[in-house]
Amino acid sequence: MGAIKVLIAEDSKMISSILNDVLSNHYRIEVSGIVNNGIDAYKSIISIKPDFVVMNIDLPLMGGIELLKLLKKDNIKINIIVLSSLAQNKDLASRALYLGALDVIYKPRNISADFIRDNVLNKILEIVKNDVNIKMDSSFDYNSNVLNANSNVKESLEEYEKTDMDRFDDNIRIIPFNQKEVATALSKSFRKDFKSPLLVAIGISTGGPRALRIMLPSFPKDFPLPVLISQHIPKEFSSSLISSLQDICKIKIKEAQVDEEIFPSIVYISPGDKNMGVYMDSVGRLRIKFYPDPDKKFIYTPCVDYLFGTINEVVKDRAIAIIMTGMGNDGTEGMKKLYDNNNLTIAQDKASSTVYGMPRSAIENKVAHIVLSLYDIAEFLQQYLRGKL
């Protein structure tokens, strides 16, 4: 593999200088350009064709959200890592993820080379290590006449300047499921002797907000089980994620609370700074618990392995566990326990994953009974539960 080309889009000279120093000093990274505004960033993406863009969300002339919308409108799919303030822009960060950003990194007030190395450089290297296709999506052909760098850039930027960018529809529509794939998965699952489940548990990471925005609107209001989700996410972002999901979903979405009873037809999302699990109270009711992890036992928070592990202990063989898009292998250990205990386990397929690390780990370790596309999971669950409940 050749050098990984990175475009830096940052209006702070100090931060762009630190980014350039840290990234360009790694033997696998080539800093292909440094720009200080969104319009130049868009032009550079067209002309330089970088593998990654590291972008401040508050770019002048055209902000990060507007740039992401424009890239989406022109069907330009690129790996973008967004930098955002810790104290501000929670809603903008939420929208950035929904519009296709790979990750949002919250930068401290006094940013350092060590911070950039640990959070930006290592993020890029981890994505590449996890076999993510870091080249541009084949649906965007830089050499085609459709996106000519001399004409289309000018046309798109002129349209941006005269048009309210909010008119570009970034709502995710419910996409029809693949009937054949769902039928095949149902046939495979019904050949196994699984008991009627009490809950669905989902572990998800990088690419998760977009994936949830695609999948959860397909859940009906009266979905017959509770759904528990551990999404690797900063604590500053979880509330806006939940609010924006509720805006487009029929099923109720809420942030999980300690000791609350778990009910069907509700999606419980772990707070960003908590490791969510379950326990059974003295009268047999399932409730939420949190493990604070002061000793940093878990690499990721919320931890998927912890959620799956407590479900295995409490629910035994009456759960459905799903591992979706994300880096690393969080969830594999917990899913193995559930798999061995005869719970139905599902992994998202490679084609529909933003990052294939977590699903791939589950599949390669042979702890997933079924592999499904993101677009088929909700329909599979509904049809499966009709035959099990």
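Structural data are supplied above this passage.
### A short note on the layout of surface pockets
Reasoning step 1: By volume, the second largest pocket amounts to about 950 Å³.
Reasoning step 2: Lining the second largest pocket are 36 residues, and of these Asp103, Lys123, Pro234, Tyr300 and Thr301 sit closest to its centre.
Reasoning step 3: Those elements giving two or more residues to the lining of the second largest pocket turn out to be helix H4 (90-98), strand E5 (103-107) and helix H5 (113-129).
Reasoning step 4: A total of 6 residues in the lining of the second largest pocket trace back to one element, the largest contributor, which is H5.
Reasoning step 5: Here the lining of the second largest pocket is composed, by residue class, of 17 nonpolar, 10 polar and 9 charged.

### A word on the side chain of Gln382
Reasoning step 1: Structurally, Gln382 can be placed in helix H13 (residues 377-386).
Reasoning step 2: Residue classification places Gln382 among the buried positions, given a relative accessible area of 15%.

### Thoughts on unusual backbone geometry
Reasoning step 1: Put simply, Thr301 and Pro302 share a cis peptide bond, and its omega is -5 degrees.
Reasoning step 2: Mapped onto the elements of the fold, Pro302 is located in the loop between strand E11 (286-291) and helix H10 (304-314).
Reasoning step 3: Here Ser265, not a glycine, exhibits a phi torsion of approximately 65 degrees, which is positive.
Reasoning step 4: For Ser265, the position within the fold is in the loop between strand E8 (252-255) and strand E9 (266-269).
Reasoning step 5: Classification of Ser265 by relative accessible area gives partly exposed; the value is 21%.

### Description of the pattern of salt bridges
Reasoning step 1: A complete count under the given rule lists 10 salt bridges for this structure.
Reasoning step 2: Of the charged contacts, one joins Lys123 and Asp103 as a salt bridge, the two residues approaching to 2.6 Å between their closest N and O atoms. With Lys123 in helix H5 and Asp103 in strand E5, the pair connects residues that are 20 residues apart, well separated along the chain. Summarising the burial analysis for this pair, Lys123 and Asp103 share the class buried.
Reasoning step 3: A salt bridge links Arg287 to Asp281; the nearest nitrogen and oxygen atoms lie 2.9 Å apart.
Reasoning step 4: Here Arg287 falls in the buried class, since its relative accessible area comes to 16%.
Reasoning step 5: Overlapping salt bridges, with partners in common, bring together Asp281, Arg285 and Arg287 in one network.

### Details of the packing of aromatic side chains
Reasoning step 1: What the rule picks out here adds up to 6 aromatic pairs.
Reasoning step 2: A ring pair is formed by Phe219 and Phe223, whose centres lie 4.7 Å apart and whose planes are at 55 degrees; its orientation type is tilted.
Reasoning step 3: Taking relative accessible area as the criterion, Phe223 reaches 0% and is therefore assigned buried.
Reasoning step 4: An angle of 35 degrees between the planes, with centres 5.5 Å apart, marks the rings of Tyr291 and Tyr306 as tilted. Residue Tyr291 is found in strand E11, and its partner Tyr306 is found in helix H10; the two are separated by 15 residues along the sequence.
Reasoning step 5: Judged by relative accessible area, which is 29%, Tyr291 ranks as partly exposed.
Reasoning step 6: Residue class for Tyr306 comes out buried when judged on its relative accessible area of 13%.

What counts and what doesn't
Residues numbered from 1 in each chain as written. Predicted model: local features only at pLDDT ≥ 70, side-chain atom pairs only at ≥ 80, totals over all residues. Heavy atoms only, no water. 1 Å grid on protein atoms, 1.4 Å probe; cavity = no way out; pocket = protein on both sides within 12 Å on 5 of 7 lines; lining within 4 Å. Points joined across faces, edges and corners; volume = space filled by probe spheres on them. Helix = DSSP H or I, 4+ residues; strand = E, 2+ residues; numbered from the N terminus. Nonpolar A, V, L, I, M, F, W, Y, C, P; charged D, E, K, R; others polar. Buried < 20%, exposed > 50% of the residue type's maximum accessible area, 1.4 Å probe, protein only. Salt bridge = Lys/Arg side-chain N within 4 Å of Asp/Glu carboxyl O. Phe/Tyr/Trp six-rings, centres within 6.5 Å; stacked < 30°, edge-to-face > 60°.

Function-wise, these values are silent; they only describe arrangement.
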